[in-house]
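# Analysis of the macromolecular model
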Amino acid sequence: ATTTGTHLPSLKVMPFALVSGATYRFILAASFSSDVTGPFAQNGSATIDVLFNRSPRGGQVKIIGNGRAVVDMFQLEALNWHDEPEDLPLLYVFALRSAGAGKSLVEPLCSKRLQPTMQASLPAGDIEAVVEVYDQFGACATASVSKTIGRAEMNASSTMQLLSAQQKLLDQGNGRE
């Protein structure tokens, strides 16, 4: 499916018309349409086979840890993702969405990163952790997992624990640790 048809001097393939991992053959045929005869009256063609990039695959995301919302830290892990060697390195984006919220990401937890793990405090309730995995050409795959996070009772001790954990994360992000 194209937006330019088959008789124009350029070809624009419609978004999402090509299937990941499929091989496509493109053929260009040209002819000189004139009353000229002899060596200048020629037809020609060229063919190219193109393998459409496959997305990363085979992986999953896990939430490691049992704890309380906001107070405790959880480990998010993207496990067992692979792709062709020429498509590496893989980049990971972790996000949260409310369970049952459909495909829309509610809260990204990080930008694209090389590390397939991250620590995060999570909100209370039924949440869904999502990982988007990108190869170096931009092909993307996603996986998600749901978990119920219990509410934390806040008191002076848990407030200090939370502030300490948040400061540690800030220090790590600023390269102090």
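Scroll up a little and you will see the structure.
## Side note on the overall build of the protein chain
- A tally of helices and strands in the protein chain yields one helix and nine strands.
- Overall, the protein chain shows an N-to-C arrangement of helices and strands of β-β-β-β-β-β-β-β-β-α.
- In the protein chain, which comprises 177 residues, the proportion classed as buried is 25%.
- Taking contacts inside the protein chain between residues at least 6 apart in sequence as the whole, the part at least 24 apart equals 56%.
- Accessible surface computed for the protein chain: about 11700 Å², of which carbon and sulfur atoms make up 55%.

## Topic: helix H1 (residues 156-173)
- Given a rise of 1.5 Å per residue, 18 residues ought to cover 26 Å, and the 26 Å separating the end C-alpha atoms of H1 matches this to within 8%.
- Listed in full, the buried residues belonging to H1 are Ser158, Leu162, Ala165 and Asp171.

## Here's the deal with the nonpolar core
- Within the largest apolar cluster, 22 residues are counted, with the highest numbers of intra-cluster contacts made by Ile63, Trp81, Tyr92, Phe94, Leu122 and Val131.
- Contributing elements (two or more residues each) for this core: strand E3 (60-64), strand E4 (73-79), strand E5 (91-98), strand E7 (117-121), strand E8 (125-134) and strand E9 (140-149).
- Among the elements that make up this core, the one with the highest residue count is E8 (four residues).
- Sequence-distant contacts of Val131, that is, excluding residues within four places in its chain, are made with Val61, Ala78, Trp81, Tyr92, Val93, Phe94, Ala141, Thr142 and Ala143.

Calculation notes
- Residues numbered from 1 in each chain as written.
- Predicted model: local features only at pLDDT ≥ 70, side-chain atom pairs only at ≥ 80, totals over all residues.
- Heavy atoms only, no water.
- Helix = DSSP H or I, 4+ residues; strand = E, 2+ residues; numbered from the N terminus.
- Buried < 20%, exposed > 50% of the residue type's maximum accessible area, 1.4 Å probe, protein only.
- Contact = heavy atoms within 4.5 Å.
- Areas by Shrake-Rupley, 256 points an atom, 1.4 Å probe, with all protein chains shown as cover.
- Expected span 1.5 Å × (residues − 1).
- Core = buried A, V, L, I, M, F, W, Y, C linked by side-chain atoms within 4.5 Å.

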